[in-house]
Amino acid sequence: MSGCPDCRPFRPDGILGYLGRKPTQWRENKNRPFERGKTTILFGGLTPLRDSLVMAALRSLGENFAALPQPDLKAFQTGKAYGNRGQCNPTYFTVGNLVNHLVRLRDEEGIPTERILKEYCFVTAGGCGPCRFGMYVTEYRKALRDAGFEGFRVFEFDHTGSIFQRSGENEGFLFSPRFFLTLLRAIVVGDILTLRGFQMRPYETEKGSVDEALRRCRAVAAEALESGGALLPALCRCRKILDGVRLDGTKRRPRVMVIGEFWAAMTEGEGNYRLFRFLEEEGCEVMTQPVTARLLVNIWEAKHEAAKRSHLPGEGPFLDPEPLKRYLLNRLGRFGLKAQWSLYAAALGLKGYRLPDVDRLARLAAPWYTLDATGGEGHMEVGHFIECAEKGCADLVISVKPFGCMPSSAVSDGIQSLVTARYPNLPFLAVETSGEGAVNFYSRIQMVLFKIKT
Ligand code: SF4
């Protein structure tokens, strides 16, 4: 590391410094300032449908946002080649995906590296962990440097912060409330369209008709989001398109609920071996968790944290206005998100799905797993399973846990072994995504599907 330009010599204070020892210390370079109107802002990591809607919505802010492609196996291999050892699977996929995209810009589109550094940047959600999520931005910067893109700008907002956070302010990229509200709007629409797709696809009478309808809906919604026009009429048009698809509801399909680590249980690419398509090809109906549900969990975590802190000396609501402000923001955020969901879900004709009651999930999980352990899905995975077992909402629950994910291993392999033993009527399968074990992954799922179908 001593030759690395990112590592300035670190001179310790005290006696070691006087003895002339110069150990090196990792220093993260600050981003060069962002230039409005002259930069292409890359982002990605959700699903193709959601990413394209987010791209359209954010472009309405007047900047050139561009979505990265869905991470594939090559992205995973690049992430492993340039990333630190021992990272979790989603880190390798997402970091490698950005590196591969920049390499494509340079080698296939012939854009010189200097121009890429000057005219492109990347925006992502970050946080302080407690798992490897806290290391994502550093991983991006390290891999980019080693792949020949040193100084490429990566801007980060705090996924647990409110829409009023001021991340990026000093670097010229201000994440404003308008940015977050626009982002949320697109995510909610993307979630609802995705859920409708999962509900309908197993019952289509003509193969591919639901995907074709979703493609048309995506174009309609994206146009409304990008132009800043009225969204509700556009969503009603989407509903008509979807309602026009012929379905055969006479066959009952096994319902498989997919839970687990957020990214691995949401991505539709190689990051989970295209699990959803695989399950549908096996004749199942997939039930997934929308990104909006994860946002409700973030709000719940902020509330839980604030409640714990309110007992600390000097932090009561009457001594310090900050907790009260956080509490009100929290209530407002939850109310706003749920209201927006209900409105869009009605316009798009989503039936048979309700956003999870995260307070109830926490109460269900509390006897089994501490609510204070955040990171990954935490206690929510336990809550989802118990609720599903009690309500009988699925025939099988699959938990996707990425290779190298500490929170998932603790919950899916540890706690869930105990919890599932108390609910033997609902089959549960925890599967690991290592990026390289597709055959093993598929065969384990096929074995349990055989069990629930017979
Ligand atoms: S929850 Fe697991 S997979 Fe996700 S970022 Fe944290 S360590 Fe990685």
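Rules of the game
- Residues numbered from 1 in each chain as written.
- Predicted model: local features only at pLDDT ≥ 70, side-chain atom pairs only at ≥ 80, totals over all residues.
- Heavy atoms only, no water.
- Near = heavy atom within 4 Å.
- Nonpolar A, V, L, I, M, F, W, Y, C, P; charged D, E, K, R; others polar.
- Domains from an automatic or database assignment.
- Disulfide = S-S within 2.5 Å.
- Buried < 20%, exposed > 50% of the residue type's maximum accessible area, 1.4 Å probe, protein only.
- Pairing = 2+ DSSP bridges.
- Helix = DSSP H or I, 4+ residues; strand = E, 2+ residues; numbered from the N terminus.
- Axes fitted to C-alpha atoms, helices over the stretch in contact; angles between N-to-C directions.
- Contact = heavy atoms within 4.5 Å.
- Parallel < 35°, antiparallel > 145°, perpendicular 65-115°, else oblique.
- Left-handed = near helix turned anticlockwise from the far one by under 90°.
- pLDDT = per-residue confidence, 0-100.

Our focus in this paragraph is the site of the ligand. All residues adjacent to the ligand are Cys88, Pro90, Cys131, Arg132, Phe133, Tyr136, Glu261, Gly376, Pro402, Cys405 and Pro407. For the shell around the ligand, the per-class residue count stands at eight nonpolar, one polar and two charged. Summarising the domain contributions, the shell around the ligand has at least three residues from each of domain 1 (25-161) and domain 3 (255-348 + 358-453).

This structure, assessed with the given rule, holds zero disulfides. Take Cys236: it sits in no disulfide, and the sulfur closest to it among the cysteines is that of Cys238, at 8.9 Å. For Cys236, a relative accessible area of 40% puts it in the partly exposed group.

A word on the sheet that holds strand 6 (residues 285-287). The four strands lie next to each other as 6-5-7-8, forming an open sheet whose pairing is parallel. Only two strands of the sheet have a single neighbouring strand rather than two, namely strand 6 and strand 8 (428-433). Pairwise comparison of adjacent strand axes, ignoring direction, gives a mean angle of 30 degrees for this sheet. Inspection of the sheet shows strand 7 (residues 396-402) paired to strand 8 by six bridges, in the parallel sense. Residue pairing across strands places Lys401 opposite Glu432, the latter belonging to strand 8. Helix 14 (residues 380-391) rests against strand 5 (255-260), strand 7 and strand 8 of the sheet, and its axis sits at about 160 degrees to strand 5.

What follows deals with unusual backbone geometry. Most peptide bonds take the trans configuration, and most residues that are not glycine carry a negative phi. Even without a glycine there, the phi angle at Tyr273 is positive, about 55 degrees. Within the element layout of this structure, Tyr273 appears in the loop between strand 5 and helix 10 (275-281). For Tyr273, a relative accessible area of 4% translates into the label buried. One non-glycine residue, Arg274, lies in the positive phi region at around 50 degrees. Position of Arg274 among the secondary structure elements: in the loop between strand 5 and helix 10.

We now examine the packing of helix 14 against helix 15 (residues 406-422). The relative placement of two packed helices is expressed as an angle between their axes plus a distance between the axes. With their axes 10 Å apart at the nearest point, helix 14 and helix 15 run at an angle of 30 degrees to one another. Between helix 14 and helix 15, the angle is such that the two are roughly parallel. In this structure, helix 14 meets helix 15 at a crossing whose hand is right-handed. Contacts between helix 14 and helix 15 involve Glu381, Val382, Phe385 and Ile386 from the former and Val411, Ser412, Ile415, Gln416, Val419 and Thr420 from the latter.

Across the protein chain, the average pLDDT comes to 88, with 90% of residues at or above 70. Taken together, the stretch residues 1-10 has pLDDT below 50 and engages in 21 contacts with residues farther than four places along the chain or on a different chain.

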